[in-house]
Amino acid sequence: MTQLNLNEIAFRAATKEDIEACFEIETDSYPEDEAASLESLQYRQKVAGAFFQVAYLNDSTPIGFVCGTLCKSFTHETMSKHDESAAILAIHSVVVKEEHRRKGIATAMLRHYVDRLAEEEQFATVEKVMLICKQHLLGFYVSVGFKAIGLSKISHGSSPWIECELDLLDTRNLSFWVVDSFADKIGRGNPAAVVMMSGNYGKQDDTSYEEWMQKVAAEFNLSETVFVSKSKATESNPDKTEAHFNLRYFSPTIEIEFCGHATLAAAQVLFDKGYVEMSKAIIFHIHSMEPLVATKSECGEKVKMKFPIQNPIVITDEHRLAYLKANIAAGIGLDEADIQQICDTDCQDVLVEISKACFQKMIPNTSMLANVKVGRGIIISAEGDCRQQLEGQIAGQFDFTSRFFAPGAGIDEDPVTGSAHCTLAPYYGEKLGKTSLHAWQDSKRGGSMLIEILPELGKLMLTCSAVISSYGKLCRD
């Protein structure tokens, strides 16, 4: 069996010139007493063309199709005519040419069909999708979101049929996930909420839903909620090895420009929940930033993301250095002599290096640290694996350890901070003579990542785990 790349498949509305090819697929897919007539297919294409979609390859010849008509009730009689004022869509056929079956085409085709119904404004009045199927195909329809209702009263051929439905009103309720980023088990890492938008909502030029998004972020009350929407770049970009999405980030109180762990959370959801195939690269479009690329690791269990290198700048101003040493040392319960070096970062943090022994004995006082005059936060770091609670793990796994405090910005201690590692990696990479480093952030939740320094690109490649801890649907206002 020849392996077909699903990226090669495209979808469009059927034309009247397609119907003979569709009729051939129909009669090859159903017994004679179940297949639609050529006249029935011609009627459906003519009066319900928006609900007649074909799948095709490079030459535009149909290799499969889905068609349906609107009806006010789901009966054999009402299915035979198209009623534009009705809210139920009756699907008549989901068929693929014999040589292309069992390759995932039918699943991709029906999912695309249902997504259009849920997302496009022209289908807003359609509330429910119904169909009948044979027992052996029930699992297929359930996998796309349909629910079995029971044996159908519709008589269509000699064999019994099962009635199935998909509630579009529920489908249109936006899905959300809470993801623990930089973690391999629930309750670790840094949590973020991910909301999958539909249609045009959440795009960079859409302001109509900003107030609503802010309310949702406040309801989650996590440090960040990221809203994900499909980008128009996907439609205009012929490279089907990429999937483009827009991201917008909200804290409980304001919209923010960027958040690393929320970006990782978004990538995890898109890969894990089938929005993007594992083989594709996700291109994230973020306001006022260059696009970020996320891919799956070779083992398929982690996410890889590229970030710009942010080289640290050693502070040489003696007056400022003395101020920072005195106040930071007091804020973490150490002596000034324990502080080995302090650097500025591009994120308006200060990076502080201390010894492993000092790292393990420091006692942070967030009230005192809140009074230290820094732009965003304070990164306390040390060479080596400084964990005191190994929880059955092997010691010495990490090249450096850190903690991040930003009480002045309302964050006493951040669980895991991706942006901080864009400076920590080049700092400890130069110090240790390494381009590949394992990092641990030693907060109460804790989190880790592998960082590869790519100096020729001016980038870092972060390889990270993330786990979905909860999911659900947002209720409508």
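Residues numbered from 1 in each chain as written. Predicted model: local features only at pLDDT ≥ 70, side-chain atom pairs only at ≥ 80, totals over all residues. Heavy atoms only, no water.

Along the protein, the regular secondary structure elements total 13 helices and 25 strands. By its C-alpha atoms, the protein is 90 × 45 × 40 Å across when sized along the principal axes. A burial count over the protein gives 50% of its 477 residues as buried. Excluding contacts between residues fewer than 6 apart, the proportion of contacts in the protein whose partners are at least 24 apart in sequence is 65%. Of the accessible surface of the protein, which amounts to about 22900 Å², a share of 49% is contributed by carbon and sulfur atoms. Positive and negative side-chain charges of the protein, numbering 46 and 65 respectively, have mean locations separated by a distance of 3 Å. (Helix = DSSP H or I, 4+ residues; strand = E, 2+ residues; numbered from the N terminus. Buried < 20%, exposed > 50% of the residue type's maximum accessible area, 1.4 Å probe, protein only. Contact = heavy atoms within 4.5 Å. Areas by Shrake-Rupley, 256 points an atom, 1.4 Å probe, with all protein chains shown as cover. Lys, Arg positive; Asp, Glu negative; His and termini not counted. Charge placed at Lys NZ, Arg CZ, Asp CG, Glu CD.)

Enumeration over the complete set of coordinates arrives at 0 disulfides. Unpaired in this structure, Cys67 has its nearest cysteine sulfur neighbour in Cys22, at a distance of 8.1 Å. (Disulfide = S-S within 2.5 Å.)

This part takes up the pattern of salt bridges. Summed over the entire model, instances satisfying the criterion amount to 21 salt bridges. Between Lys134 and Glu34 there is a salt bridge; the shortest N-O distance is 2.9 Å. Pair noted here: Lys134 is in the loop between β5 (128-133) and α5 (138-144) and Glu34 is in the loop between α1 (19-29) and α2 (38-47), with a separation of 100 residues, a long-range link. Here the two residues Lys134 and Glu34 agree in accessibility, since each one is buried. Between Lys215 and Glu211 there is a salt bridge, with the nearest N and O atoms lying 3.9 Å from each other. One end of the pair, Lys215, and the other, Glu211, are both in helix α7 (residues 210-220), 4 residues apart, so they sit about a helical turn from each other. Linked through salt bridges whose partners overlap, the residues forming this network are Glu210, Arg248 and Glu255. (Salt bridge = Lys/Arg side-chain N within 4 Å of Asp/Glu carboxyl O.)

Adjacent strands of a sheet form backbone hydrogen bonds with each other and so pair up, either parallel or antiparallel. Strands sit in the order β1-β2-β3-β4-β5-β7-β6 across an open sheet of 7 strands; the sheet is mixed. Unpaired on one side and paired on the other, β1 (10-13) and β6 (147-151) mark the two borders of the sheet. On average, adjacent strands in this sheet sit at an angle of 25° to one another, irrespective of strand direction. Inspection of the sheet shows β1 paired to strand β2 (residues 52-56) by 4 bridges, in the antiparallel sense. For Arg12, the partnering residue across the bridge sits in β2 and is Val54. Packing against the sheet, α1 makes contact with β2, β3 (62-71) and β4 (88-96), and its axis sits at approximately 90° to β3. (Pairing = 2+ DSSP bridges. Axes fitted to C-alpha atoms, helices over the stretch in contact; angles between N-to-C directions.)

Positive phi is not limited to glycine here, since Arg102 has a value of about 60°. Relative to the assigned elements, Arg102 resides in the loop between β4 and α4 (105-119). A relative accessible area of 75% places Arg102 in the exposed class. Even without glycine at this site, Phe182 takes up a positive phi of about 60°. For Phe182, the position within the fold is in the loop between β8 (175-181) and β9 (190-196). For Phe182, a relative accessible area of 2% gives the class buried.

So, about the packing of aromatic side chains. Within the structure shown, the criterion is met by 14 aromatic pairs. For the ring pair Phe52 and Phe65, a centre distance of 5.3 Å and an interplane angle of 25° mean the geometry is stacked. In this pair, Phe52 sits in strand β2 while Phe65 sits in strand β3, placing the two residues 13 residues apart along the sequence. Assessed through its relative accessible area of 0%, Phe52 is described here as buried. (Phe/Tyr/Trp six-rings, centres within 6.5 Å; stacked < 30°, edge-to-face > 60°.)

Between its first and last C-alpha, helix α9 (residues 260-272) extends 18 Å over 13 residues, near the 18 Å set by a 1.5 Å rise per residue. Gly260, His261, Ala262, Thr263, Leu264, Ala265, Ala266, Ala267, Gln268, Val269, Leu270 and Phe271 are the residues of α9 that are buried. Where α9 ends, the next residue or the one after it, Gly274, has phi of about 80°, a positive value. (Expected span 1.5 Å × (residues − 1).)

Looking now at the nonpolar core. Counting 54 residues, the largest nonpolar core has Val228, Phe245, Ile282 and Phe284 as the members making the most contacts within it. The element best represented in this core is α9, accounting for 8 residues. If we skip the residues at most four places from it in the chain, Phe245 touches Met196, Val228, Ser229, Lys230, Ser231, Leu270, Val276, Ile282, Ile283, Phe284 and His285. Among the nonpolar cores identified, the runner-up in size contains 34 residues, and Ile9, Ile105, Ala118 and Cys164 belong to it. (Core = buried A, V, L, I, M, F, W, Y, C linked by side-chain atoms within 4.5 Å.)

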